Amino acid sequence: MSGISATLEGKRLLLGLTGGVAAYKAAELTRLFVKAGVDVRVVMTDAATRFIGTATMQALSGQPVFTDLWDARIPDHMAHIELSRDRDLILVAPATADFMARVAGGMADDLLTTLCSARRCPLLVAPAMNVEMWSNPANLRNVELLQRDGVTILGPAVGDQACGETGLGRMLEPEQVFELVATQLAGPGRTGALAGKKVLVTAGPTFEPIDPVRGITNISSGKMGYAVAQAAAEAGAEVLLISGSTALAVPRGVRRIDVQTAQDMHSAVMKNVAKQDIFIAVAAVADYHVVGRKEHKIKRGKGNLTLDLAPNPDILGAVAALAKRPFCVGFAAETENLREYAQAKRLKKNIPLLAANLAQHAFGKDDNALTLFDDSGEHILPRASKIDLARQLVAHIVEMLQPKRGVTRKSR
Ligand code: PMT
C-alpha cells in the first residue's frame, strides 16, 4: 500500500454513491482512498442517503458532501460542472441499474448524472444489484452501451446478496475496487502487479475471404479477449491488443491493432512480440484459409462449390517456439471432453498455462467459466462475468510469474 500511496498522493477523486445496500462499502472505500492521500469529494443521490448518512461520508472524506443540483455553496448554480472539473476520475460505487440506465441514455436530471454527463475525466462504475436485475436484458444492454462510451465497469462479483438470493450482481469488495481504481488514478505502468510489464493479447475472430463479399469466420465476439486486455491494463501492464473484427470499444489504456485474417494476425503478433513479457492468445483463429481467393463475386452455379483450404500459421505455436519467448497463455474452446482436449493442447503447444472453456457457454456470452491448466494441475474459475474471470486469470499469471512457485519461464 505504501508504494501506491506515494503515487496516489494528491490525486483527486469524485466518489458518487447511488441507492443500494452496498453503500456501506463506500465508507471503507473512502477510508482507503483518504489513507492513500487521495482527495475524495463525495456526491450522493437522494436514494443513497437512505442507506448511509451524509455525516458518515463527510467525516470519512473530511469534506462537505454534495447531494443537490442547486447547492448554494457552489457559485452561479454550476455544481453540475464545477464539482467534477478539478477531478482526475469519477467513481460511482455502488452504481444501481437505474443510475447506469440513465447515464447510458444520456440523462442528466440530478447532481450525479449531470456531473457524469459534463465530465472531462474517466468514469468508472461498480454495479451492485440483485442477480435478476443484473441479468435483465435491458441492464446488460445498458452495460454494453456504457462500455462502448468508454465507461469502465468494475465487477460485479458473484455471491450472496442482501435480498437473500445468490449470483452475479454483488458489488466488488472495497479493497478490490480500490486496487482497480488506484491503478487507473496512478496512470498506466505506475502501480499494480503487472506494472512495468508488456502484455500482448489476441482477441476476436479472424475472417478468411472467399471472394470480395464472402468469407469463413466464427462467432467469437471478442468479449473474453477484450476483458483480458482490460484486466492486464488494470493490473498496470502496457497492453497491446491485436484484434479481429468486433463491435467492442478499446479498453481504456490499451493500444489496439485491427486485423482481418489469421495471416494478418500472425504478422502483427510476430512484428510486436519481441518486447513482450506475456502473450495471451484468446483469439478464435481460423485454422484454414481459402487458396486462390476469387477477385470477383462467385456466381451461383448448378453443382457443388468446392473450396481448397490450406492451413493457417499457428500463432501461439510460433510464439511459444521462439528462443526468447514471453510467458505464453493459450485458450481452448471445446464442445466436449474439455479436460482431456485442453491438457493435450497445452502440451502440444508447449505453454505453461492454458485456459479452457466450453464453447457453447463462452462464444458471444457476457459471462463464462474457465478451467486453468498448468504444471501444478487444474484450477476451476466458476461462472462469472468475463471481466471478473479475466482479473482472476491475470492474478493467476502474476502468481505463476513469482519465482517462489518455481514455474517461471526458466523452470519449464
Ligand atoms: O470472443 P468471445 O465471444 O468472448 O469468446 C471467447 C472465446 C471462446 C473465443 C475464447 O474464450 C477462447 O476459447 N478462445 C480460443 C478459441 C479456440 O478454440 O482456439 P483453438 O483451440 O483453435 O486454439 C487454441 C489456442 O491457440 C488459442 O489460444 C488460439 O488463440 C491459438 N491459435 C489457434 C490457431 C492458430 N492458427 N493460431 C493460434 O494462435
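From a predicted model like this one, the values you see are computed outputs, not experimental measurements.

Colleague: Got a sec to walk through the packing of helix H10 (residues 223–234) against helix H15 (residues 386–401)? Specific residues and values, please.
Modeller: The N-to-C vectors of H10 and H15 enclose an angle of 50°; their axes lie 8 Å apart at closest approach. The pairing of H10 with H15 is recorded here as oblique in orientation. Crossing geometry of H10 relative to H15 is assigned as right-handed. Contact residues: Lys-223, Met-224, Ala-227, Val-228, Gln-230, Ala-231, Ala-232 and Glu-234 in H10; Lys-386, Ile-387, Leu-389, Ala-390, Arg-391, Leu-393 and Val-394 in H15. Partitioned by chemical class, the residues of the contact of H10 with H15 number ten nonpolar, one polar and four charged.

Colleague: Help me get a handle on the domain arrangement of the protein, residues and values and all.
Modeller: For the protein, the domain assignment lists domain 1 (3–186) and domain 2 (198–293 + 302–401). Summarising the inter-unit geometry, the C-alpha centres of domain 1 and domain 2 are found 33 Å apart. Taking both sides of the interface into account, the surface hidden between domain 1 and domain 2 amounts to around 1200 Å²; carbon and sulfur atoms contribute 51%. A per-residue breakdown of the area domain 1 buries against domain 2 is headed by Leu-168, Leu-180 and Thr-183, which together make up 30% of the total. Our enumeration of links across domain 1 and domain 2 arrives at zero salt bridges.

Colleague: Could you give an account of the environment of Ala-101, with specific residues and numbers?
Modeller: Its location among the elements puts Ala-101 in helix H5 (residues 97–104). Here Ala-101 falls in the partly exposed class, since its relative accessible area comes to 27%. C-alpha separation for the pair Ala-101 and Val-143, spaced 42 residues apart in sequence, amounts to 8.1 Å.

Colleague: Let's hear about the environment of Val-40: which residues, and what values?
Modeller: Among the secondary structure elements, Val-40 is positioned in strand S2 (residues 39–44). The buried category is assigned to Val-40, whose relative accessible area is 0%. Counting along the chain gives 23 residues from Val-40 to Gln-63, while the straight-line C-alpha distance between them is 7.7 Å. Aside from chain neighbours lying at most four places away, what touches Val-40 is Leu-13, Leu-15, Thr-30, Phe-33, Val-34, Ser-61, Gln-63 and Arg-87.

Colleague: Go over the sheet that holds strand S5 (residues 152–153), please, and point to the residues and values.
Modeller: Strand order across the open sheet formed by five strands is S2-S1-S3-S4-S5, with parallel pairing between neighbours. The open sheet has two edge strands, S2 and S5, and neither has a second partner. Sheet topology places strand S3 (residues 89–95) next to strand S4 (residues 123–127); four bridges connect them, and they run parallel. If you follow Leu-91 over to S4, its bridge partner there is Leu-124. With respect to the sheet, helix H3 (residues 54–61) is in contact with strand S1 (12–17) and S2, its orientation differing from that of S2 by roughly 170°. Its contacts with the sheet place helix H9 (residues 174–186) against S1, S3, S4 and S5, and it is angled at close to 165° to S3.

Colleague: Give a detailed account of helix H2 (residues 23–35), specifying residues and quantitative values.
Modeller: It helps to recall that an α-helix has 3.6 residues per turn; residues three or four apart then point in one direction. An ideal rise of 1.5 Å per residue puts 18 Å on 13 residues; H2 measures up with 19 Å between its terminal C-alpha atoms. Every buried residue of H2 is listed here: Ala-23, Lys-25, Ala-26, Ala-27, Leu-29, Thr-30, Leu-32 and Phe-33. On the buried face of H2, the contacting elements are S1, S2, H3, S3, strand S7 (166–170) and H9. Trailing H2 by a residue or two, Gly-37 shows a phi angle of about 90°, which is positive.

Definitions and cut-offs
Residues numbered from 1 in each chain as written. Predicted model: local features only at pLDDT ≥ 70, side-chain atom pairs only at ≥ 80, totals over all residues. Heavy atoms only, no water. Axes fitted to C-alpha atoms, helices over the stretch in contact; angles between N-to-C directions. Helix = DSSP H or I, 4+ residues; strand = E, 2+ residues; numbered from the N terminus. Parallel < 35°, antiparallel > 145°, perpendicular 65-115°, else oblique. Left-handed = near helix turned anticlockwise from the far one by under 90°. Contact = heavy atoms within 4.5 Å. Nonpolar A, V, L, I, M, F, W, Y, C, P; charged D, E, K, R; others polar. Domains from an automatic or database assignment. Buried area = accessible area lost by both parts, 1.4 Å probe. Salt bridge = Lys/Arg side-chain N within 4 Å of Asp/Glu carboxyl O. Buried < 20%, exposed > 50% of the residue type's maximum accessible area, 1.4 Å probe, protein only. Pairing = 2+ DSSP bridges. Expected span 1.5 Å × (residues − 1).

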